[in-house]
Amino acid sequence: MNIILLNKILEVFQKSIIPLTLEGVSCGNKIFGAAILKKEDFSLIVAGTNNEIENPLWHGEVHTLKKFYELPKEKRPDEKNCLFITSHEPCSLCLSAITFCGFDNFYYLFPYESTSEDFNIHHDLNILKEVFNIDKGQYLKENSYWKSTNINDLINEIPKDKQKDIMISLNNIKKTYREFSDKYQSNKENNKIPLK
């Protein structure tokens, strides 16, 4: 199942999250995006990206949740029947939003350290430290609300001979995010996001 899930996650990044994120970064938004899939068949329900230019609360995950709840109730699956996929390990706002909405999982591609060091966005770790006294982002990755999973760890669970194509796709996605980051960083002083 991990191979099927990984391939679907990578496909959702390539076909849904990344195009939306490119558009968002072009408008001055940060690089964070998310998607919600059905657990039963991994089909895409909704994808979204950061839209802090419109509203500083519209982080990638929160804006995706907004889109999810705008779907007609009869077309929206129960949160417990969904997988929550996010480009970056969720900040405290997004962790809380995922929790309050009742999702029992989320999968992230880039951990906090990468967000801070590779993408030069330090707020996630800083807020966890300053507000919640959580050093280095060490929240409980599995708790009574949800389990969080680093997508990179899923790769280690599949046989080595099956990893090559997945690693090629994954590295292309990571390269794209580095390009998005360079674009965002070079233009961020011109936007009106409170925490750049």
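One structure accompanies this document, and this report is about it. (Residues numbered from 1 in each chain as written. Predicted model: local features only at pLDDT ≥ 70, side-chain atom pairs only at ≥ 80, totals over all residues. Heavy atoms only, no water.)

1. What about the nonpolar core?
Counting 33 residues, the largest nonpolar core has F13, I31, I85, I151 and Y177 as its most contacted members. Among the secondary structure elements, those contributing two or more residues to this core are α1 (2-26), β1 (33-38), β3 (82-88), β4 (105-110), α6 (151-156) and α7 (163-187). Ignoring sequence-local partners within four residues, the contact set of I85 consists of I9, F13, G33, A34, A35, L37, Y107 and I151. In this structure, A34, C82, Y108 and L125 belong to the second largest nonpolar core, which totals 23 residues. (Core = buried A, V, L, I, M, F, W, Y, C linked by side-chain atoms within 4.5 Å. Buried < 20%, exposed > 50% of the residue type's maximum accessible area, 1.4 Å probe, protein only. Helix = DSSP H or I, 4+ residues; strand = E, 2+ residues; numbered from the N terminus. Contact = heavy atoms within 4.5 Å.)

2. Topic: unusual backbone geometry
With the exception of glycine, most residues fall at negative phi, and the peptide bonds are largely trans. Here F42, not a glycine, exhibits a phi torsion of approximately 60°, which is positive. With respect to the secondary-structure elements, F42 resides in the loop between β1 and β2 (44-49). Positive phi is not limited to glycine here, since K136 has a value of about 60°. One can find K136 in the loop between α5 (123-132) and β5 (147-150). Judged by relative accessible area, which is 59%, K136 ranks as exposed.

Structural measurements only, silent on function.
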